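# Examination of the molecular architecture
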Amino acid sequence: MTGGTGSGEPESTDSLKTFGAVVKAFRERAGLTQEGLAPLVRFSPQTVASIEQGRRLPPPDFIERAEEALDAFGVLRAAAIHLARKPGIAAWFRQWAALEEQAISLCTYECRVVPGLLQTKAYARAVTLSVPPPPEEEQVEQRVSARLARQELLRRSPPIAFSFIIEQALIERHTGGVEVTRELIDNLLRCSELWNVELQIMPLQQPQHAGLDGPIQLLETPENQWLGYSEGQKTGQLISGPKEVSVLLQRYAKMRSQALSPEDSASLLKRMRGAL
């Protein structure tokens, strides 16, 4: 689930297929086979084939090395910008991901894992490896790359107003180990300093909790329409009915008053990091 949780299988998109076709064209122009290009970009021939076929998101290192090896005149770098906005993502999340790109406000409450937009590479990898069935290494790289690519939304222009509420327990769990958690907390603190990001921690002890029914995602469109999204295991549902969205907005507003303030949340994160 590229949106925030575990191991949704990314699917091919038109932008991935187009990028792959461009790589293939430059490779053939250079007189190289996939096996010949592989050592130049330091990826396996199977990875080169997957990228050319539009079946996986190209890692940043691949893009840079292919650009140089194929003397692509900056074309691959330019094409990759569009991939960052349309990565290969799980089918059930694709519609919501497209709406995110145009949103002016995004609100996320998570009680399972730290939201994908706030994850580090190591944490995203640990989450992916935690959820059975065991993925192949290529699948891990693809899922992690897709998740990290979405994080460009945090610094998009025009900016999006972000609100995140995450459970303290998600950090206390130490997914991936102490070093991964330390790096994750550092990243959460950096993100919380962005002027368009509000990050709140829901403390371990909170007798009144409006989010007991599970995660909530909400966004506001450029037309000022609010939409919701609910994600489970291998499923996702867009919520557009005004009454249903109103209920989610009420719950999210209540949680903002129940969670620690952004300032107190940052102080808690610093204490948690110091205790590691």
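Residues numbered from 1 in each chain as written. Predicted model: local features only at pLDDT ≥ 70, side-chain atom pairs only at ≥ 80, totals over all residues. Heavy atoms only, no water.

### A few points about the overall build of the protein
The helix and strand tally for the protein stands at twelve helices and six strands. By the compact-globule yardstick of 19 Å for 276 residues, the protein fits well, its C-alpha radius of gyration being 20 Å. Expressed along its principal axes, the backbone C-alpha trace of the protein runs to roughly 65 × 45 × 35 Å. Counting over 276 residues, the protein shows a buried share of 50%. Within the protein, counting contacts between residues at least 6 apart in sequence, those at least 24 apart form 76% of the total. Element-wise, carbon and sulfur atoms account for 53% of the exposed surface of the protein, whose accessible area totals about 13,100 Å². (Helix = DSSP H or I, 4+ residues; strand = E, 2+ residues; numbered from the N terminus. Rg over C-alpha atoms; globule rule 2.2 N^0.38 Å. Buried < 20%, exposed > 50% of the residue type's maximum accessible area, 1.4 Å probe, protein only. Contact = heavy atoms within 4.5 Å. Areas by Shrake-Rupley, 256 points an atom, 1.4 Å probe, with all protein chains shown as cover.)

### Some words on the layout of surface pockets
Where empty space is left becomes clear once a probe the size of a water molecule has been rolled over the atoms. Roughly 530 Å³ of internal volume is contained in the largest pocket. Every residue lining the largest pocket is counted, 22 residues in all, and those nearest its centre are Pro-58, Pro-59, Pro-60, Asp-61 and Ser-145. No other element matches the six residues that helix H8 (residues 137-150) contributes to the lining of the largest pocket. (1 Å grid on protein atoms, 1.4 Å probe; cavity = no way out; pocket = protein on both sides within 12 Å on 5 of 7 lines; lining within 4 Å. Points joined across faces, edges and corners; volume = space filled by probe spheres on them.)

### Points about the confidence of the model for the protein
Within the protein, residue pLDDT values average 88, and 90% of them lie at 70 or more. Confidence drops under pLDDT 50 across residues 84-88; counting only partners more than four residues distant or on other chains, this segment forms 20 contacts. (pLDDT = per-residue confidence, 0-100.)

### Some details on the environment of Leu-248
Mapped onto the secondary structure, Leu-248 falls in helix H11 (residues 242-258). The class for Leu-248 is buried, based on a relative accessible area of 13%. The spatial distance from the C-alpha of Leu-248 to the C-alpha of Ala-30 is 54 Å, given a sequence separation of 218 residues. Setting aside anything within four residues of it in sequence, one finds Leu-248 in contact with Ile-216, Leu-218, Gly-228 and Ile-239.

### Examining the nonpolar core
Core analysis: the largest hydrophobic core is formed by 36 residues, its most contacted members being Phe-162, Phe-164, Ile-171, Leu-188 and Leu-269. In terms of residue count, the dominant contributor to this core is helix H10 (residues 178-192) (six residues). Residues contacting Ile-171, with those up to four places away along its chain left out, are Ile-166, Thr-181, Ile-185, Leu-188, Ile-201, Leu-269 and Met-272. Within the second largest apolar cluster, 16 residues are counted, among which are Ala-38, Ile-51, Phe-62 and Leu-76. (Core = buried A, V, L, I, M, F, W, Y, C linked by side-chain atoms within 4.5 Å.)

### Digging into the sheet that holds strand E5 (residues 226-232)
Across a sheet, strands are paired by hydrogen bonds formed along the backbone, either parallel or antiparallel in direction. With respect to topology, six strands assemble into an open sheet ordered E3-E2-E1-E4-E5-E6, the strand pairing being mixed. The sheet is open, and its two borders are formed by strand E3 (197-202) and strand E6 (235-239), each paired with just one other strand. Across the sheet, the mean angle separating the axes of adjacent strands is 15 degrees when strand polarity is ignored. With five bridges connecting them, strand E1 (residues 105-110) and strand E4 (residues 216-220) associate as antiparallel partners. Residue pairing across strands places Leu-106 opposite Leu-219, the latter belonging to E4. (Pairing = 2+ DSSP bridges. Axes fitted to C-alpha atoms, helices over the stretch in contact; angles between N-to-C directions.)

### A short note on the side chain of Glu-67
Locating Glu-67 in the fold gives a position in helix H4 (residues 60-69). Buried within the structure, Glu-67 lacks any salt-bridge partner; Arg-77 is the closest side chain of opposite charge, at an N-O distance of 4.1 Å. One polar contact links the side chain of Glu-67 to the main-chain amide nitrogen of Phe-73, over a distance of 3.3 Å. One polar contact links the side chain of Glu-67 to the main-chain amide nitrogen of Leu-76, over a distance of 3.1 Å. If we ignore the near neighbours within four places in the chain, the residues touching Glu-67 are Ala-72, Phe-73, Gly-74, Val-75, Leu-76 and Arg-77. (Lys, Arg positive; Asp, Glu negative; His and termini not counted. Salt bridge = Lys/Arg side-chain N within 4 Å of Asp/Glu carboxyl O. Polar contact = N/O pair within 3.5 Å; in protein donor to acceptor, adjacent residues only side chain to side chain.)

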